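Chain by chain, the residues:
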Amino acid sequence: MKVPLDLESVDGLVIPGGESTTLSLLIDSFDLRQPLINFGKDHPVMGTCAGLIMMAKDVPDERVNPLGFLNICVDRNAYGRQIESSTEMVKYHFNSNTEIEFATTLIRAPKISEMGDDIQVIGEFKGSPVAVISGHHLGLSFHPELDDIDLFHQILFDPSSNVYTKNLNQIYAT
Amino acid sequence: MSKGTFEVKVGLAEMLKGGVIMDVTNAEQAKIAEDAGACAVMALERIPADIRKDGGISRMSDPDMIRGIQAQVSIPVMAKCRIGHFAEAQVLETLEIDFIDESEVLTPADEHNHIWKHDYKAPFVCGCRNLGEALRRIAEGAAMIRTKGEAGSGNIVEAVRHMRTVMTEIKRVTRLGQDELVAEAKNLGAPLSLVQQVAKLGKLPVPNFAAGGIATPADASLMMQLGAESVFVGSGIFKSDDPSNRAKAVVEATTHYKDAKRVAAASSGLKKAMKGLDMSEIPIEERLQERGW
């Protein structure tokens, strides 16, 4: 979506990867900030990588003004420049019974440095959360689409998928 | 864990789609580019228009200049090495450059071979004029392809020619049967496996960007509508009379490339674009696009 009118024809939103400085600038220069904030109040919104940065409440970088959907603080490019970008095996846990491990690609990825009590962590890498959810807002440090993972899309956008009760290891045998 | 895989390299190229990558020669220009909404900058000592004018040998940039730009901006920083100059590429990787452009804009170091790019953790972008050239570069490990166009000319005609050629050749490949692809690969001068992949995908297996001669917001829109997934703007911004406004206008036109009203608004009130050169003013032996094999 590129203009506020586009929001009227969608049920949910994925804020994708890219550069958060660019996203932040264009959100303001194309008058999208308030329409996005209003949309996010009662619609599911998922942010991946730069999208996660835009989902945050706090980003300690004056070049980026986030939308504030998730009560977290995010550091940009905290995992290093491109030559540090990598694919890692990360374990995800959606409830006490379900844990699943799969390949996760981090590209110049942001790191969640602080978070509020209302945030549920569903994936951690090297001691830092890389997947967090709060109500109908989901934030990921990585790019599920690069590894053909649609689990997070199901969780957020398809309530009938019963992701929380399925035996995920059978579905996503890696 | 795996760093520097082909998938991780293409991953960054994917994230640059829909954006504008701008040539900059110092930290001040880099800041103007970032503030205008560039999704990456290309650090180089002289912009192509000046390289063309000044002559002499054009080489990889001074590491101190590159570091100065890296310190200034948070977006990815790209830099150019000479065709076949793998030692320059090694130096750029040591500097933690986010994307290396093995570029015809610099003076070639090897007139037969390009760099074997699979050996590097840093991703590479390379220029092409046709599908065969694009697939040879991908075979060597390029994670992003761009048209060559004619750098420093301010003239879009060559970028259009190269993008049209690549797109037409892709369409042709998708219509061929398996039994015809071997001869097609021979004619293209490209590996069969990649030709088969293009036949299946209907597009290049890596992102396909436009470069070489983009000077106005409408030029950016034109290239996006012809199938480019992002645009590089070299001399077009910092050779114009108001770089900051022109940079913002090119970003807006690239984002809203299908919306002619937005492109019109972005094109309004700008000062003069770079003067530019007609192709008849550039002798064939001085055309940068002829470099590369």
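To be clear, the structure that these remarks concern was listed above.
From a predicted model like this one, the values you see are computed outputs, not experimental measurements.

Peer 1: For the interface of chain B and chain A, give the residues involved together with the corresponding values.
Peer 2: Taken together, the contact pairs 35 residues of chain B with 27 residues of chain A. With both chains or domains summed, chain B and chain A bury close to 2,600 Å², and 58% of this area falls on carbon and sulfur atoms. Counting every contact that joins chain B to chain A gives 4 salt bridges. In this structure, B:Glu34 and A:Arg63 form a salt bridge, with 3.2 Å as the shortest nitrogen-oxygen distance. For the interface between chain B and chain A, the tally reads 14 residue pairs in polar contact (both at pLDDT 80 or more).

Peer 1: Explain unusual backbone geometry to me, using residue names and the numbers behind them.
Peer 2: Residue and element names in this part refer to chain A. One non-glycine residue, Asp31, lies in positive phi territory at about 55°. Tracing the chain through its elements places Asp31 in the loop between α1 (20-29) and α2 (33-42). Residue Lys126 is not a glycine yet carries a positive backbone phi of 50°. In this structure, Lys126 sits in the loop between β8 (120-125) and β9 (128-134).

Peer 1: Provide a residue-level description of the environment of B:Trp293, including the pertinent values.
Peer 2: Residues and elements named next belong to chain B. Assignment of secondary structure puts Trp293 in the segment after α13 (260-267). A C-alpha to C-alpha distance of 32 Å links Trp293 and Ala247, two positions 46 residues apart in sequence. Excluding its chain neighbours within four sequence positions, the residues that come into contact with Trp293 are Ile83, Pro108, Asp110, Glu111, His112, Asn113, His114, Glu133, Arg136 and Arg137.

Peer 1: Describe helix α5 (residues 86-94) of chain B, listing the residues and the values that go with them.
Peer 2: All names here are of chain B. Those residues of α5 lying buried are Glu88, Ala89, Leu92 and Glu93. The buried residues of α5 occupy one face: seen down the axis, they fall within an arc of 140°. Of the surrounding secondary structure, the elements contacted by the buried residues of α5 are α4 (63-72), β4 (77-82), β5 (99-103) and β6 (124-128). Positive backbone phi, at 65°, marks Glu96, one or two positions downstream of α5.

Peer 1: So, the sheet that holds strand β7 (residues 111-115) of chain A: which residues are in play, and what are the values?
Peer 2: Residues and elements named next belong to chain A. The sheet built from 3 strands is open, its strands ordered β3-β4-β7 with mixed pairing. Looking at which strands have only one partner, the edges of the open sheet turn out to be β3 (56-58) and β7. For this sheet, the mean inter-axis angle between neighbouring strands, taken without regard to orientation, is 55°. The pairing of strand β4 (residues 70-75) with β7 spans 4 bridges and is antiparallel. Pairing of Val74 across the sheet is with Ile112, part of β7.

Peer 1: Now, about the pairing of β6(B): what can you tell me, with residues and values included?
Peer 2: All names here are of chain B. Across the 5 residues that make up β6, a large majority, 5, are buried. Residues Phe124, Cys126 and Cys128 line one face of β6 and the alternating positions Val125 and Gly127 line the opposite face, and both faces are buried. Taken together, the 3 bridges between β5 and β6 define a ladder with parallel strand orientation. Considered in β6, the bridge of Glu102 is made with Cys126. In this structure, β6 lies alongside strand β7 (residues 144-147), joined through 4 bridges in parallel fashion. Each bridged residue has a counterpart across the sheet, and for Gly127 the counterpart in β7 is Arg146. Each parallel crossover has a hand, and the one from β6 via helix α6 (residues 131-139) to β7 is right-handed.

Peer 1: Lay out the side chain of B:Glu150 in plain terms, naming residues and giving numbers.
Peer 2: The residue B:Glu150 is located in the loop between β7 and α7 (157-175) in this model. Within polar-contact distance, the side chain of B:Glu150 engages the side chain of B:Arg52 at 2.5 Å.

Peer 1: Break down the sheet that holds β6(B) for me, citing the residues and quoting the values.
Peer 2: Residues and elements named next belong to chain B. Reading across the sheet, the 8 strands line up as β8-β7-β6-β5-β4-β3-β2-β9 and stay open at both edges, with parallel pairing between neighbours. Only two strands of the sheet have a single neighbouring strand rather than two, namely β8 (208-209) and β9 (231-233). Summarising the sheet, β4 and β5 pair through 5 bridges and their orientation is parallel. Looking at the pairing, Cys81 lines up with Glu102 of β5.

Peer 1: Go over the side chain of B:Glu133 with me, naming the residues and quoting the values.
Peer 2: Residues and elements named next belong to chain B. Considering the arrangement of structural elements, one finds Glu133 in helix α6. Of note is the side chain of Glu133, whose polar atom sits 2.7 Å from the backbone nitrogen of Arg129. Residues contacting Glu133, with those up to four places away along its chain left out, are Gly127, Cys128, Lys148, Gly292 and Trp293.

Each value, and the rule that gives it
- Residues numbered from 1 in each chain as written.
- Chains lettered and ligands numbered in written order.
- Predicted model: local features only at pLDDT ≥ 70, side-chain atom pairs only at ≥ 80, totals over all residues.
- Heavy atoms only, no water.
- Contact = heavy atoms within 4.5 Å.
- Buried area = accessible area lost by both parts, 1.4 Å probe.
- Salt bridge = Lys/Arg side-chain N within 4 Å of Asp/Glu carboxyl O.
- Polar contact = N/O pair within 3.5 Å; in protein donor to acceptor, adjacent residues only side chain to side chain.
- Helix = DSSP H or I, 4+ residues; strand = E, 2+ residues; numbered from the N terminus.
- Buried < 20%, exposed > 50% of the residue type's maximum accessible area, 1.4 Å probe, protein only.
- Arc of directions from axis to C-beta.
- Pairing = 2+ DSSP bridges.
- Axes fitted to C-alpha atoms, helices over the stretch in contact; angles between N-to-C directions.
- Right-handed = clockwise from strand over helix to strand, strands pointing away.

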